Amino acid sequence: MTAGPFAPLNFQRLPEAEMQERAAAFHQQLRGRRSVRDYSDRAVPMDVIENCLLAAGSAPSGANKQPWHFAVVTDPAVKQRIRAAAEEEERAFYTQRASEEWLNDLAPLGTDANKPFLEIAPCLIAIFSQSYQLDNEGQKHLNYYVTESVGIATGFLIAALHNAGLACLTHTPSPMRFLNEILGRPSNERPFLLLVVGYPTDDAQVPVIAKKPLSDIATFI
Ligand code: IYR
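Everything numeric in this text was worked out from a predicted model, so none of it was measured.

Chemist: Which residues make up the pattern of salt bridges, and what values do they have?
Modeler: Pairs can form between side chains of opposite charge once their charged atoms are near each other. Tallying each qualifying case throughout the model produces six salt bridges. Where Glu18 meets Arg22, a salt bridge forms, and the shortest distance between an N and an O atom there is 3.3 Å. Of this pair, Glu18 and Arg22 both sit in helix 1 (residues 16-31), four residues apart, which is roughly one turn of the helix. Put simply, Glu89 and Arg97 hold a salt bridge, and the shortest N to O gap is 3.0 Å. Bridged by salt links that share partners, the residues Arg83, Glu87 and Glu119 form one connected network.

Chemist: Report on the nonpolar core, specifying residues and quantitative values.
Modeler: The biggest cluster of nonpolar side chains holds 24 residues, and the ones touching the most others in it are Ile49, Phe70, Ile125, Leu157, Leu161, Leu195 and Val197. Secondary structure elements with two or more residues in this core: helix 2 (46-57), strand 1 (68-73), strand 2 (123-130), helix 6 (146-163) and strand 6 (189-198). Of all the elements, helix 6 adds the most residues to this core, at seven residues. Setting aside chain neighbours within four positions, we find Leu195 in contact with Cys123, Leu124, Ile125, Ile127, Leu157, Ile158, Leu161, Cys168, Leu169 and Thr170. The next biggest cluster of nonpolar side chains, apart from the first, holds 22 residues, and it includes Ala85, Ala86, Leu118 and Leu183.

The rules behind each value
- Along each chain, residue indices are assigned from 1 in the same order as the chain's sequence is written.
- Confidence filtering applies because this is a predicted model: local features only for residues at pLDDT of at least 70, side-chain atom pairs given and counted only at 80 or more, and all residues used for totals across whole chains, interfaces and linings.
- Calculated side-chain values reflect all of the structure's heavy atoms, with hydrogen atoms and water omitted.
- Just to be clear on terms, a salt bridge is a Lys or Arg side-chain nitrogen sitting within 4 Å of an Asp or Glu carboxyl oxygen.
- We count a stretch as a helix when DSSP gives it H or I for four or more residues in a row; a strand needs E for two or more, and each element gets its number in order from the N terminus.
- We call a set of buried Ala, Val, Leu, Ile, Met, Phe, Trp, Tyr and Cys residues a nonpolar core when their side-chain atoms join them within 4.5 Å.
- Partly exposed describes any residue whose relative accessible area lies between the buried limit of under 20% and the exposed limit of over 50%, with all areas from a 1.4 Å probe on protein chains only and scaled to the type maximum.
- The contact definition used throughout considers only heavy atoms, calling two residues in contact when any of these lie within 4.5 Å.

In structure tokens, the structure reads:
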């Protein structure tokens, strides 16, 4: 295989003052994001979701394989099935699978096995990672750095949803293979994360938490 083709980058260099302003403003915008568990049933505009998915799909990935699939669910009957399957796993998690330490760590969040938001929120986005892809001839093609790639795309999606004025929750019932069956996804795809998307209720509450200061999350060498 030969390299290329290549095209000019068209990088826009910004004045330093504008860089500082934009970096600070972006931080302020992102730090306003919270994981929301209290949702209104108000429908979300699908064209907004579509643009957020395109933003997610612009993420970098190993060898540009884009090893992700986003299944967008708004059908109440499908949401109901997902809720029932997720709650079954969560009941096993909260009563048997989770360690004492894990349950203690979750206690301040007030979570339990009941997941009404899976039915009430207008939109669920099930994110799947593809360990390999099949072409039209059924030939297998490997993907690389799949978890990293899908994690980055998911981060882009969460930021895009927040930027668009939507709330979301990263929900991870474990195991969540049931999503393949309910959503008809093929066996090369593994559920990565279930994003709950919508508007918070007017009286939505969130736990009081803090983010680590820069000195705890970064070193400058
Ligand atoms: N998946 C469970 C438990 C849970 C785990 C973590 I780590 C959280 O940050 C929150 C919840 C649930 O959704 O309740």
